[in-house]
Amino acid sequence: MTAATESTVQGAIGQSPKRVEDDRFIRGRGSYVDDVQLPGMLFMAIYRSPFAHATINSIDCSRALAMPGVLACITGKDLEAHGLAWMPTLAGDTQAVLATDKVRFQGQEVVCVIAKTQYQAEDALEGIDVDYDPLPVIVDPGKAMDADAPIIRSDLEGKADNHIFTWESGDADATERVFQEADLVVKLDTLYPRIHPAPMETCGCVSDYNTATGKMTVHLTSQAPHAHRTLFALVAGLPEQKIRIISPDVGGGFGNKVPIYPGYVVATAASLLIGKPVKWIESRSENLISTGFARDYHMSGELAATKDGKMLGLRANVLADHGAFNAQAQPSKWPAGFFNIATGSYDFKAAYCKVDGVYTNKAPGGIAYRCSFRVTEAAYLIERLVENLALETGIDAAEIRRRNFIQPDQFPYRSPMGWEYDSGDYEKALNIALDLVGYEELRKEQAAKRERGEIMGIGFSSFTEIVGAGMSKICDIAGLAMIDSAELRIHPTGKGVLKLGVQSQGQGHETTFAQIVANELGIPSDDIAVEHGDTDHTPYGLGTYASRSTPTGGAATAIVARKLREKARQIAAHMLECAPDDLEFDSGTFSVKGSPDQKKTVQECIFAAYQPGLPEGMENGFEDVTYYDAPEMTYPFGTYICVVDVDKGTGEVKVRKFVAVDDCGTRINPMIVDGQIHGGLTQGFGTAMMELISFDEDGNCFGGNFMDYLIPTAVESPSWTLGECTTPSPHHPIGAKGVGESPTVGSPQAFVNAVVDALSPYGVTNIDMPLSAHKVWKALRDAGVSDE
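An account of the accompanying structure is given in this report.

What counts and how
- Residues numbered from 1 in each chain as written.
- Predicted model: local features only at pLDDT ≥ 70, side-chain atom pairs only at ≥ 80, totals over all residues.
- Heavy atoms only, no water.
- Helix = DSSP H or I, 4+ residues; strand = E, 2+ residues; numbered from the N terminus.
- Expected span 1.5 Å × (residues − 1).
- Buried < 20%, exposed > 50% of the residue type's maximum accessible area, 1.4 Å probe, protein only.
- Arc of directions from axis to C-beta.
- Contact = heavy atoms within 4.5 Å.
- Phe/Tyr/Trp six-rings, centres within 6.5 Å; stacked < 30°, edge-to-face > 60°.
- Salt bridge = Lys/Arg side-chain N within 4 Å of Asp/Glu carboxyl O.
- Core = buried A, V, L, I, M, F, W, Y, C linked by side-chain atoms within 4.5 Å.
- Pairing = 2+ DSSP bridges.
- Axes fitted to C-alpha atoms, helices over the stretch in contact; angles between N-to-C directions.
- Parallel < 35°, antiparallel > 145°, perpendicular 65-115°, else oblique.
- Left-handed = near helix turned anticlockwise from the far one by under 90°.

## A short note on helix 11 (residues 426–437)
Reasoning step 1: The end-to-end C-alpha distance of helix 11, which contains 12 residues, comes to 17 Å, matching closely the 16 Å that a straight helix rising 1.5 Å per residue would cover.
Reasoning step 2: Regarding helix 11, the residues found buried are Tyr426, Ala429, Leu430, Ala433, Leu434 and Val437. End-on view of helix 11: buried residues confined to an arc of 135°, all on one side of the axis.
Reasoning step 3: On the buried face of helix 11, the contacting elements are helix 10 (397–404), strand 19 (420–421), helix 12 (439–451), strand 20 (455–464), strand 30 (637–646) and strand 31 (653–663).
Reasoning step 4: A positive phi of about 70° marks Gly438, the residue just after helix 11.

## Comments concerning the environment of Ala529
Reasoning step 1: Mapped onto the fold, Ala529 is located in strand 25 (residues 528–531).
Reasoning step 2: On a C-alpha basis, the gap between Ala529 and Lys495 in space is 8.3 Å, while along the polypeptide they are 34 residues apart.
Reasoning step 3: Aside from chain neighbours lying at most four places away, what touches Ala529 is Gly496, Val497 and Leu498.

## A closer look at the packing of aromatic side chains
Reasoning step 1: For the structure shown, the criterion picks out 25 aromatic pairs.
Reasoning step 2: When the centroid spacing of 6.1 Å and the interplanar angle of 80° are considered together, the rings of Trp86 and Phe325 count as edge-to-face. One end of the pair, Trp86, is in strand 4 (residues 86–88); the other, Phe325, is in the loop between strand 16 (311–321) and strand 17 (350–358), with 239 residues separating them in the sequence.
Reasoning step 3: The exposure class of Trp86 is partly exposed, given its relative accessible area of 25%.

## Things to note about the pattern of salt bridges
Reasoning step 1: Per the counting criterion, the structure on display carries 54 salt bridges.
Reasoning step 2: Across the pair Arg374 and Glu377 runs a salt bridge whose closest N-O atoms are separated by 2.7 Å. Each member of the pair Arg374 and Glu377 is classed as buried.
Reasoning step 3: Put simply, Arg401 and Glu383 hold a salt bridge, and the shortest N to O gap is 2.9 Å. You can see Arg401 sitting in helix 10 and its partner Glu383 sitting in helix 9 (residues 375–393), a full 18 residues away along the chain.

## Some remarks on the nonpolar core
Reasoning step 1: Of all hydrophobic cores here, the largest spans 167 residues; its most connected members are Phe339 and Phe658.
Reasoning step 2: Looking at which element gives the most residues to this core, the answer is helix 9, with 10 residues.
Reasoning step 3: If we ignore the near neighbours within four places in the chain, the residues touching Phe658 are Tyr640, Ile641, Cys642, Leu681, Ser719, Trp720, Thr721, Ser747, Ala750 and Phe751.
Reasoning step 4: In terms of nonpolar packing, the next biggest core, distinct from the first, is built from 36 residues, Ala514, Val560, Ala573 and Ala609 among them.

## Section: unusual backbone geometry
Reasoning step 1: Here the bond from Phe411 into Pro412 is cis, since omega is -5°, no more than 30 degrees from zero.
Reasoning step 2: For the peptide bond that leads from Met769 to Pro770, omega is -5°, which places it in the cis range.
Reasoning step 3: As for its placement among the helices and strands, Pro770 is situated in the loop between helix 18 (748–759) and helix 19 (773–782).
Reasoning step 4: In this structure, Ala198 takes a positive phi of about 45° despite not being glycine.

## Observations regarding the sheet that holds strand 8 (residues 129–134)
Reasoning step 1: Spatially, the three strands line up as an open sheet ordered 6-2-8, and their pairing is antiparallel. Two strands close off the open sheet at either side, each with one partner strand: strand 6 (102–103) and strand 8.
Reasoning step 2: Here strand 2 (residues 54–60) runs beside strand 8; their pairing, made up of six bridges, is antiparallel. Residue pairing in the sheet places Thr55 in a bridge with Asp133 of strand 8.

## Things to note about the sheet that holds strand 20
Reasoning step 1: What the four strands build is an open sheet, ordered 20-30-31-34; its pairing is mixed. Whereas interior strands pair on both sides, the edge strands pair on one side only; in this sheet they are strand 20 and strand 34 (721–724). Neighbouring strand axes in the sheet, compared pairwise and without regard to direction, differ in orientation by 15° on average.
Reasoning step 2: By the bridge criterion, 10 bridges tie strand 20 to strand 30 in an arrangement that is antiparallel.

## Describing the packing of helix 9 against helix 10
Reasoning step 1: Taken N-terminus to C-terminus, the directions of helix 9 and helix 10 make an angle of 115°; their axes are 9 Å apart at the nearest point. Relative to helix 10, the element helix 9 is oriented roughly perpendicular. Once helix 9 is placed against helix 10, the crossing between them reads as right-handed. Each of Glu383, Val386, Glu387, Leu389, Ala390 and Thr393 in helix 9 lies in contact with helix 10, whose residues at this interface are Ala397, Ile400 and Arg401.

Here is the structure:
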């Protein structure tokens, strides 16, 4: 594909204009779903199960119905009458909208109350009486397949166990042969714990059925409005042209707003039945205990190598905890997503992985939390193994990576598990990071500190990820090809509107996508308005998650702008009485080759497009649309280095320095890229140090509020030092690879590796996240280290 050319037009690619959308956000003028107020609007609240596993004997709503303002209580039996008690999941399973036979996780939806005010709806939940018979609970996925384990999905005909799937990738026999040849095998058993995206705005909707027109308008916290419209049509049975999804400003998504949740379905059904708008906005606790979680991967990895540290083979066995329903929301055709990117940045002879998914009595989900689904877990496993290989062989952690990197002349590179990497220079990124962090001096400092009994660690992560979920031959959601779209209309005065199929949740699309148009057409980015989120007024697309908006929607934008540029070229040639091939284009101006004074601006060509006298056969107007199906995925990469000091007495880990060098291909707006990296690094820091959704043996969820589920604030977060390494993707129209997820994918293992490096002199080579002070303190005590 033709890469983007440099342009001097205001707001073109490579410049850093301020984010257009921030003007309204910093003034409190953003418009979110909870801001929607409609005449006659009713409110919905959800009664949720206090038990993780229990039979429902009866539901009595009489006390609630007698309370002021309460109009209806909806149960699973009520929905059964309309065929809505169960709904399909994006993973091909079914999920209870409201529980009918039994509850399967704490926080599951049981009854919905509709009332005149939000307070009345919430108060009425106290008037609902449900008689339960508690059942045995499974929260440990390792016990889900025991012979005496209770069957969680007894609703599935013939289901006699809790197994969901087995998925394999790579060549098991070839990998075994490589392991037989190896001098040593490094093993690691580790858990990537269950965490939550915890977006600033929780999930919710306002469903508004117009009884006169038969049209359903749903204001929805959605990362994929068009896909959700199709799913609403399939679930509710409404004609798709009679459904309009409006996703206004979205206060963060991170994959959490990709699934269809029961609250959406019930609010929509209630509006259909009552004929009035119904609003449902979940609380923070509801969001944390019941909506799509991330990770929860129990991984066993083995790395085969020679005694001089040459990596030969990788083998991984994974137990994936999917909760009570297989409701994972992810773009690939495989149940373990892109976990087979696990060979990372390294040149292996062979590799093999096996993943088993199981049901447990936990909230369902499994979402692409700032990653392309299971890429984060894969990157974590390989980088932890490489760190332990360095410890095992005594080879420096930077050097062992350098020896095993895929080399620049090997691209395009086909991995042992079948991926074709597009471009990369891993050693360059490593060298930049080493220089920025002052590596040689740090190692000298560490040696001196160890002699004094002080604890300091240096951790690496040299990761490669796979993003840009397009490439419909391997990516779909609910059977929908992972294409995306852009519609560009330029008015006679040269001002335009770009309409997108992707949806922003803070990425800065209104700024960066206008910059792509500016670069391709030579129109200042300030003259391009960007619209998204309304299915009645934007082209069909699959939304924003898995770092796909720039690789797919950005590509569509570049291509549609190029289509219009070629139309402008034809018009300019007609006006200048020359052949189109005789024209050069630079920063918004067409000029005749060799005669630069003979020229026409793109604005002049646009105005002419609305006048008589166009070239024969050309239609008036200046607009077009593109639906883009990516030919390949893209492969951003980076090297991160973390430096920590550990307090021997308390176990407290202090991050002293963190260097992040990313290659995301062409950087459309460097300022926004840096902001994305800062945010992702902070989320990675939270994952490594404090975030955790856990359960007791009865399935009670710990982490249902921000007192228990800790997220980093400005007080705890380290400062970040950023570097850049750029190898544009040959598959992308402007060379972009995507950056939104890289820091969340790449950083957690750098923190953990730093702590492992710090504790390794005491024999500690494995410690799982989150790295709480107590956990680190206990590891030191177990290793016989005193606090003196």
